[in-house]
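# Structural description and commentary
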Amino acid sequence: MTKPSAPLILVDASSYLFRAFHAMPPLNNSKGMPTGAIKGVINMLRSLLKLYPESPMGIVFDAKGRTFRDDIFPEYKATRPPMPDELRVQIEPIHQIVKAMGLPLIVESGVEADDVIGTLATQATQAGVRTIISTGDKDMAQLVTEHVTLLNTMTNEELDVAGVEAKFGLPPRAIVDYLALMGDKVDNIPGVPSVGPKTAAKWLQEYKTLEILIAAADNIKGKVGEKLREHLHQLPLSKKLATIKCDVSLPYQYNELQLKFPAQDMLMELFSALEFRSWIQELESDGVTRPKTTSESIPTVETALPIKAEVINYQLINDDEAIRNICQKFQQIRQAAPGKTLRLGLFALATHEHYMESAITGLAISWEAGQSAYIPLSSGLIQSTSVTREALVEALGPILKDRQFFKVGYDLKLLSHLLETIGIPMGGRRYDTQLQAYVLNSSMHRHGMEGLVEQNLHHILPSEESVLGKGRQRIDFNALSTDKSLQFAAERADYLLRLSYVLEQALNTTGGLARVYRQVEIPLLPVLTRMETNGININIQALREQSDALGKRLQELEKKAFEIAGEEFNLGSPAQLQKILFEKLGLEIISKTDKGQPSTAEPVLQELAASHELPRVILEQRSLSKLKSTYTDRLPEEIQPSTHRIHSTFQQAVAATGRLSSTDPNLQNIPIRNEEGRRIRQAFVASPGSVLMAADYSQIELRIMAHLSEDKGLMSAFAQGLDVHRATAADIFGCPLEEVTAQQRRSAKAINFGLIYGMSAFGLANQLGIGRREAQDYVDLYFKRYPGVQDYMEQTRAQAAELGYVETLFGRRLYLPDIKARNPALRRAAERTAINAPMQGTAADLIKLAMIDIHNWLKIAKLEAKLVLQVHDELVFEVVEKDLNLLREGVGFRMVSAASLSVPLVVDIGHGVSWGQAHG
């Protein structure tokens, strides 16, 4: 039997170049050379070589300059932003590595990489050779035949003819027509406005070809039909631009693409210059030695970053005279360069994690790479010398307060709290490396300080655990020797300073992220610092009474569960509950755990609760038990003795969408849909003589959806000030506004909010307690009435799959690593996130901008008022009663004017002696 020949592999390297650049976290070598895209592309090629070791292979890149499409349509790709410098500088090293790996590098001028790939694939097909095109570009689906398949190496998605039909609802021959109808905003291919993937596929399923559709355009009903007829003239052009050219005149044939032996010495030189340690070690294990000096041919960034240190000097500042001398040195450095600022890296050793209970035991300051000073501030158990607090405040205070000394740190908000405990307010908070990394990629931010330094500077910082010990053997920083404290803190300050330069450069060259960082996140730091310091009062007696009542109700529920089950069991034991529900009572097994056991998770119990009482009892018991343990029992324990108030920590760098979260205690998850949750809010009270005022954005995410989708129906409802849920119900159910029933409004509300969170008809059916077919009818009616919303969702999914991320109105990005996952559940979850994240993220940006504006206003307004809480779309203030009306007007104005949308922003404002009363 003849062994089939290995397939030809054609790599669309340009598509992977952009995806690797956007998907990889910011990586740089020690010289400041960006390397993330290089690593991503080469990783992908190495994976292909392992999968197809015997295959001929061509690595195809786009060439610089114009192509024949620019001659056809001068505006082609005119709207595409210029390639970021951070990416451009990585192209030549990739080309060098590809050639050193022995792979054919193909760059043809006058055409695009797609055209070269299409031509080579056609040649191979004519010779009967199977071809695999490695790409992440949907446009390539038009090339798929029984001999040609697509493989996305980054997601492992493989598309043959059946795969294309399953994904697009169309055969490969129809893909060009499909692309022509939709157009392409990135490439500036016109298409038909408002036509998304579903509409394009639906038309081509019915009419088969673009030409037949054009001839039948008068038969297409509705506004989308009008759009089609208005833009018929540009469809032939759109098709021509979208068609991959498969007859390019090339100076070689497909069968000349043969692999050569890799030039390992050259690879070692390149990998050494780029500092790819794991690949260097692989080569070393094969006997290749490192070069004494790295290659000079590797490009570097135009402006060398000041992150390389010739000498390491970490000095101890152990008396008052030394602190005065080092501070005088900082002033002299800055004065030597008039008009320039001095960047100071800061790292503090502290006694406790919570800012209200902590004190600084040492402070390290770095002013250039390799140069740090450590100042011990407490004698501790071992340290024999320290700087007095008076000398520190006198000498260092003016510098830390001065906004022209730019401060660098990791969590500058916490550092601000710590410095305030010794009487030093911090100014010039400019480079918070935690926030820089978070804005760059919010889904990759949980690496911590050590991870960021290793990732970007290739340096290993010792962990706290390695220095302080762990478990019962762990000691505090104030028990650490001076030498160890010096090394630990000074090294961190040094590398945080270096890290700030690398992350700043990445922000400056990645879309609008620098603007998000500078205009939203950094100005928010003093707002949150003040809000945390303000804290909020709680009524301890009210919580204790509620806790007692919850305890009694939990006992009643437990007793009732025993009666229904006919025996006593542990309600908190999944194994015992499984036995009662599925063995004794014989209820239907809805789903199973990873271990194959019947699941008793909340969604399962909710479904079972529709037909049996015990799951309803268990759900109520779980809900109330969580309220009691998390809030009514715990909140009194969180009161700070020094202020008699609760001081939560508001985290900027946790939620992927940009929302704030709170910890110690978490005040953002108090339920408000049940009476018990609302009672907890009643326990948050104003000080005597004051009231709490709550200002809440009304239906903010729906308003943002209206703005993003430009749906005329939604925009009209908001413009008229209608109850949007009632208006939606009237539209869906075809009845006058005044005749909408309460049930119809509830259904419309569930649809309005459910769809922007990506809820399916199945989920909607469960929420409304109706059949799946009826729920699907509701969804179909909704999209028929609001076609702009459906188009927005389709376009967002397509754009997310194309780019690997979505953006808020303000330019904040959310990367979606699973948007092309082969696992359908992961992919659908990523698609739901892609639809919701721009709305939730824009809402988060809006309220942050409002908080900044209000904070600045309150600093100059003569009001006795302060911001005490932020919960999602709501701000809570404590204000003396005489200033309530002024505060109401000022806050309302600043919240509705935080941004200009195509629909009005509305803020609901209430007040009362408690948060519950103020929230209404």
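The structure contained in this document is the topic of the report that follows. (Residues numbered from 1 in each chain as written. Predicted model: local features only at pLDDT ≥ 70, side-chain atom pairs only at ≥ 80, totals over all residues. Heavy atoms only, no water.)

### Looking at the overall build of the protein chain
- When helices and strands are tallied, the protein chain shows 37 helices and 24 strands.
- For a compact globule of 920 residues, the expected C-alpha radius of gyration is about 29 Å, and the protein chain comes in at 31 Å, within 12% of that figure.
- Dimensions of the protein chain, computed from the C-alpha atoms along their principal axes, are close to 85 × 80 × 60 Å.
- When the 920 residues of the protein chain are sorted by exposure, 54% land in the buried category.
- In the structure as shown, the protein chain presents an accessible area of about 41,300 Å², 49% of it carried by carbon and sulfur atoms.
- Taking the 100 positively charged and 109 negatively charged side chains of the protein chain as two groups, their mean positions are separated by 1 Å. (Helix = DSSP H or I, 4+ residues; strand = E, 2+ residues; numbered from the N terminus. Rg over C-alpha atoms; globule rule 2.2 N^0.38 Å. Buried < 20%, exposed > 50% of the residue type's maximum accessible area, 1.4 Å probe, protein only. Areas by Shrake-Rupley, 256 points an atom, 1.4 Å probe, with all protein chains shown as cover. Lys, Arg positive; Asp, Glu negative; His and termini not counted. Charge placed at Lys NZ, Arg CZ, Asp CG, Glu CD.)

### A closer look at the sheet that holds strand β11 (residues 405–409)
- Read from one edge of the open sheet, 6 strands run β7-β10-β9-β8-β11-β12, paired in mixed fashion. For this open sheet the edge positions go to β7 (313–316) and β12 (429–432), each flanked by a neighbour on one side alone. Strand-to-strand, the axes of this sheet are offset by a mean angle of 25°, without reference to chain direction.
- When strand β8 (residues 342–350) meets strand β9 (residues 360–368), the two strands line up antiparallel, connected through 6 bridges. Bridging across to β9, Leu349 finds its partner in Gly362.
- Contacts from helix α17 (residues 412–420) reach β8, β9, β11 and β12 within the one sheet, and its direction differs from that of β12 by about 130°.
- The sheet contacts of helix α21 (residues 482–508) involve β7, β8, β9, β10 (371–376), β11 and β12, and relative to β8 the element is tilted by about 140°. (Pairing = 2+ DSSP bridges. Axes fitted to C-alpha atoms, helices over the stretch in contact; angles between N-to-C directions. Contact = heavy atoms within 4.5 Å.)

### Some points on the pattern of salt bridges
- Following the criterion strictly, the structure yields 36 salt bridges and no others.
- For Glu874, the salt bridge goes to Arg681, with nearest N and O atoms at 3.4 Å. Residue Glu874 is located in strand β23 (residues 874–880), and its partner Arg681 is located in helix α27 (residues 675–682); the two are separated by 193 residues in the primary sequence.
- Residue classification places Glu874 among the buried positions, given a relative accessible area of 3%.
- For Arg681, a relative accessible area of 5% puts it in the buried group.
- The partner of Asp723 in a salt bridge is Arg745, and the shortest N-O contact between them spans 2.8 Å. You can see Asp723 sitting in the loop between α29 (712–719) and α30 (724–733) and its partner Arg745 sitting in helix α31 (residues 742–756), a full 22 residues away along the chain.
- According to the relative accessible area criterion, Arg745 is partly exposed, its value standing at 23%.
- Linked through salt bridges whose partners overlap, the residues forming this network are Glu521, Arg812, Asp845 and Lys848. (Salt bridge = Lys/Arg side-chain N within 4 Å of Asp/Glu carboxyl O.)

### Here's the deal with the side chain of Ser238
- Checked against the element boundaries, Ser238 lands in helix α11 (residues 235–242).
- Apart from residues no more than four positions distant in its own chain, Ser238 is found in contact with Ala180, Ile189, Pro190 and Gly191.

### Some thoughts on the pairing of β10
- With 6 of its 6 residues buried, β10 lies for the most part within the structure.
- Residues of β10 alternate between two faces, with Gln371, Ala373 and Ile375 on one and Ser372, Tyr374 and Pro376 on the opposite face, all of them buried.
- Pairing geometry for β9 and β10, over 6 bridges, is antiparallel. Bridge pairing in β10 places Ser366 opposite Ser372.

### Digging into the sheet that holds strand β2 (residues 57–67)
- Judged by pairing direction, the sheet is mixed, and its 6 strands sit side by side in the order β3-β2-β1-β4-β5-β6 without closing on themselves. In this open sheet, the two edge strands, each paired with only one partner strand, are β3 (105–110) and β6 (157–159). Between one strand and the next, the sheet's axes are offset by a mean angle of 25°, whatever the strand orientation.
- For strand β1 (residues 8–12) and β2, the ladder comprises 4 bridges, and the chain directions are parallel. Bridged to Asp12 within β2 is Val60.

### Section: the environment of Pro688
- Tracing the sequence through the fold places Pro688 in the loop between β18 (684–685) and β19 (690–697).
- Taking the relative accessible area as the measure of exposure, Pro688 reaches 81% and is therefore exposed.
- Sequence separation between Pro688 and Val913 is 225 residues, and the spatial gap between their C-alpha atoms is 8.9 Å.

### Observations concerning empty space enclosed by the protein
- Scanning the entire structure with this criterion turns up 8 cavities of 30 Å³ or more.
- Lining the second largest cavity, in full, are Thr135, Gly136, Asp137, Lys138, Leu150, Leu151, Asn152, Glu157, Leu159, Lys167 and Lys820.
- Of all the secondary-structure elements, those providing two or more residues to the lining of the second largest cavity are β5 (148–152) and β6.
- Here the lining of the second largest cavity is built from residues that sort into 3 nonpolar, 3 polar and 5 charged. (1 Å grid on protein atoms, 1.4 Å probe; cavity = no way out; pocket = protein on both sides within 12 Å on 5 of 7 lines; lining within 4 Å. Points joined across faces, edges and corners; volume = space filled by probe spheres on them. Nonpolar A, V, L, I, M, F, W, Y, C, P; charged D, E, K, R; others polar.)

### Considering unusual backbone geometry
- For the bond from Asp664 to Pro665, the omega torsion is 0°, close enough to zero to count as cis.
- With a phi angle near 50°, Asp664 is a residue other than glycine that sits in the positive phi range.
- The partly exposed category is assigned to Asp664, whose relative accessible area is 43%.

### With respect to the packing of α17 against helix α22 (residues 513–534)
- Between α17 and α22, the least distance of the axes is 9 Å, while the angle of their chain directions is 50°. Between α17 and α22, the angle is such that the two are oblique. Between α17 and α22 lies a crossing of right-handed hand. Here Leu412, Lys413, Ser416, His417 and Glu420 of α17 come into contact with α22, specifically with Leu525, Leu528, Thr529, Arg530, Glu532 and Thr533.
- Considered class by class, the residues forming the contact of α17 with α22 number 3 nonpolar, 4 polar and 4 charged. (Parallel < 35°, antiparallel > 145°, perpendicular 65-115°, else oblique. Left-handed = near helix turned anticlockwise from the far one by under 90°.)

### Here we look at the packing of aromatic side chains
- With the rule as written, the count across this model stands at 13 aromatic pairs.
- Summarising the aromatic geometry, the rings of Phe271 and Trp279 are spaced 5.2 Å apart at their centres and angled 50° between planes, so their arrangement reads as tilted.
- Three or more aromatic residues joined by ring pairs form one cluster here, namely Phe271, Phe276 and Trp279.
- The ring of Phe406 is capped by Arg430, whose NZ or CZ atom sits 3.7 Å from the centre of that ring.
- Directly above the aromatic system of Tyr805 lies the positively charged group of Arg813, at a separation of 4.1 Å from the ring centroid. (Phe/Tyr/Trp six-rings, centres within 6.5 Å; stacked < 30°, edge-to-face > 60°. Lys NZ or Arg CZ within 6 Å of the ring centre and 35° of its normal.)

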